[in-house]
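Each chain, written out:
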Amino acid sequence: MKIMPNRMDRGFFQYQDEFENKALEVLRSGWYVLGKEVSSFEEEFAAYTGAKYCVGLASGLDALWLAFRVLGIGEGDEVIVQGNTYIASVMGITINGATPIFVEPDDYYQIDPAKIEEKITDKTKAILVVHLYGQASNMEPIVSLCKKYHLRLVEDCAQSHGACYRGQMTGTFGDIGCFSFYPSKNLGAFGDGGAIVTNDENIAKDMKIYRNYGSEKRYYNKVVGTNSRLDELQAGLLRVRLSHMDELTAEKQAIGARYLAELHNDKITLPKLLDGATHVYHQFVIRCKDRDRLIAYLNEKEIGTIIHYPIPPHLAEAYRYLGFREGDFPITETLANEVLSIPMYNGMTKEEQDYVIDAINAF
Ligand SMILES: *Cc1c(COP(=O)(O)O)cnc(C)c1O
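Below is a short write-up of the structure. (Residues numbered from 1 in each chain as written. Predicted model: local features only at pLDDT ≥ 70, side-chain atom pairs only at ≥ 80, totals over all residues. Heavy atoms only, no water.)

1. What to know about the overall build of the protein chain
If you tally the helices and strands in the protein chain, you get 12 helices and 14 strands. Taking 21 Å as the expected radius of gyration for a compact globule of 363 residues, we find that the protein chain reaches 20 Å, a close match to that expectation. The C-alpha extent of the protein chain, read off along each of the three principal axes, is 65 × 55 × 35 Å. Within the span of the protein chain, comprising 363 residues, buried residues form 57% of the whole. Considering only intrachain contacts with a sequence separation of at least 6, the fraction spanning at least 24 residues in the protein chain is 70%. When the accessible area of the protein chain is evaluated, it comes to approximately 15900 Å², of which 50% is carbon and sulfur surface. (Helix = DSSP H or I, 4+ residues; strand = E, 2+ residues; numbered from the N terminus. Rg over C-alpha atoms; globule rule 2.2 N^0.38 Å. Buried < 20%, exposed > 50% of the residue type's maximum accessible area, 1.4 Å probe, protein only. Contact = heavy atoms within 4.5 Å. Areas by Shrake-Rupley, 256 points an atom, 1.4 Å probe, with all protein chains shown as cover.)

Structure (structure tokens):
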């Protein structure tokens, strides 16, 4: 049986008629950018997260860098972020000229709240929390630190649509929650897309200005903005998927629960669940000291896997100018050498799950 790490086609076929009808509706409408699909999606996604406002954007990376831009964070400022994140989180900081200050992760692969305070300086302006792999981070200590030191709080929710901490949705704990709708994400579009959510009316207003060349009123440009608009087709298709989000999340959580209950192998470490947090399994990430052999073994059985992520941002060529070396963040680096994401997607059949479980248990 051939199993790929992700099957985005399955996600399409789950609601094929609804997607096709919506696509035709938008195509026939004659209105393709910033119209009623985008504004309806913004209302519906805000309601879904429990935030007051949502602003649709062109990508998750745009959501991140525009978040710091709107908050006025740039040259000379420091932003605290976990070391073991996807590089886009860090680019959201550095595009603005600000400096990322890395913190090692905890046992749940999220930023370790106990290691943040020692990194706070006069230059620290914000904490960027990444709810990595789809599990909500330990928000209570982080929110208190932000209050104590008057720091902005931005959340990278590109992998955590629908994940909650103590019943509250990720993206709503601080100033801005940043989302990606890249096709492989839990709420995926059929192309690129992103959004921010916020409870601050001024932030929402500024974000709308920035995404459209810095203009609120056509041809009156207040700031140097960008072109980062979610288009009508993607917004319409996202509305279809969002209307099924609860069942899609439950489906992934059921696969995650099966993996946790049925994977038994001393060579493999399973993900740990944080008390009070939910996990929506954007990825199901196991660890193995003998990862190369495990990958080769699974390849032979035609089970595809992905490493999220093999090179931590502090060791990426792009960030050589920050001056870090191997050994600077040992936990982050060990994770980069051991983590492996196994197949996990909506529409994964029971037979496919059985096959993956049996193969890993027999390794
Ligand atoms: C996907 C992702 C992003 C970037 O989103 P794009 O829409 O691809 O720009 C940022 N942060 C994390 C954690 C991601 O997984």
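2. What to know about the site of the ligand
Around the ligand sit 14 residues, and of these Gly60, Asp156, Gln159, Ser180 and Lys185 come closest. Here an oxygen atom of the ligand sits 2.9 Å away from a polar atom, N or O, in the main chain of leucine 61. Side-chain polar atom of aspartate 156 to a nitrogen atom of the ligand: 2.8 Å apart, as the coordinates give it. For the ligand, the protein covers 91% of the area, taking 380 Å² as the surface of the free molecule. (Near = heavy atom within 4 Å. Polar contact = N/O pair within 3.5 Å; in protein donor to acceptor, adjacent residues only side chain to side chain.)

3. Details of unusual backbone geometry
Of note, the bond from histidine 308 into tyrosine 309 is cis; its omega dihedral lies within 30 degrees of zero at 15°. Looking at where tyrosine 309 falls in the secondary structure, it is placed in the loop between helix H10 (291-300) and helix H11 (330-338). At tyrosine 133, a position not held by glycine, the phi torsion is positive, near 70°. By the secondary structure assignment, tyrosine 133 is in the loop between strand S4 (124-130) and helix H6 (139-149). For histidine 150, which is not a glycine, the phi torsion comes out positive at approximately 50°. Its location among the elements puts histidine 150 in the loop between H6 and strand S5 (152-156). For histidine 150, a relative accessible area of 73% corresponds to the exposed category.

4. Overview of the sheet that holds strand S12 (residues 268-269)
Each strand in a sheet pairs with its neighbour through backbone hydrogen bonds, running either in the same direction (parallel) or in the opposite one (antiparallel). Read across the open sheet, the three strands follow the order S12-S13-S14; overall the sheet is antiparallel. Every interior strand has two partners, whereas the edge strands, S12 and strand S14 (339-342), have only one. Strand contacts of H11: strand S13 (284-288) and S14, with the helix running at about 95° to S13, the strand carrying the most contacts. (Pairing = 2+ DSSP bridges. Axes fitted to C-alpha atoms, helices over the stretch in contact; angles between N-to-C directions.)

5. A short note on the nonpolar core
Side chains of nonpolar character tend, in soluble globular proteins, to be buried together. Core analysis: the largest hydrophobic core is formed by 37 residues, its most contacted members being Phe68, Val79, Leu128, Ile176, Cys178, Ile196 and Met207. Looking at this core, the elements that each hand over two or more residues are strand S1 (53-57), helix H4 (60-70), strand S2 (78-82), helix H5 (87-94), S4, strand S8 (176-180) and helix H7 (201-210). A total of seven residues in this core trace back to one element, the largest contributor, which is H4. In this structure, this core is formed jointly by two domains, domain 1 (8-102 + 109-242) and domain 2 (245-362), each of which donates at least three residues. Sequence-distant contacts of leucine 128, defined by excluding residues within four places in its chain, comprise Leu64, Phe68, Val79, Ile80, Val81, Gln82, Ser89, Ile93, Val154, Glu155 and Asp156. In this structure, Ile286, Cys288, Ile303 and Tyr345 belong to the second largest nonpolar core, which totals 24 residues. (Core = buried A, V, L, I, M, F, W, Y, C linked by side-chain atoms within 4.5 Å. Domains from an automatic or database assignment.)

6. Structural notes on the pairing of S4
For S4, the buried fraction is high: six of the seven residues fall into the buried class. In the sheet, S2 pairs with S4 via four bridges, with the strands oriented parallel. Along S4, the bridge assignment pairs valine 79 with alanine 126. Taking the sense of rotation as the criterion, the β-α-β connection linking S4, H6 and S5 turns out right-handed. (Right-handed = clockwise from strand over helix to strand, strands pointing away.)

7. Concerning a negative patch on the surface
A grouping of Asp17, Glu18, Glu20, Asp246 and Glu247 is seen on the molecular surface, where their side chains present a negatively charged patch. Elements with a minimum of two residues in the negative patch: helix H2 (16-29) and helix H9 (245-262). With three residues, the top contributor of residues to the negative patch is H2. (Patch = residues over 30% accessible without salt bridge, like charges linked within 9 Å, V, L, I, M, F, W, Y side chains within 5 Å. Salt bridge = Lys/Arg side-chain N within 4 Å of Asp/Glu carboxyl O. Lys, Arg positive; Asp, Glu negative; His and termini not counted. Charge placed at Lys NZ, Arg CZ, Asp CG, Glu CD.)

8. Points about the environment of histidine 282
Among the structural elements, histidine 282 can be located in the loop between S12 and S13. Taking relative accessible area as the criterion, histidine 282 reaches 5% and is therefore assigned buried. Counting along the chain gives 30 residues from histidine 282 to lysine 252, while the straight-line C-alpha distance between them is 8.2 Å. Look past the residues within four positions of histidine 282 in its chain and what remains in contact with it is Tyr133, Gly134, Gln159, Ser184, Lys185, Asn186, Lys252 and Met344.

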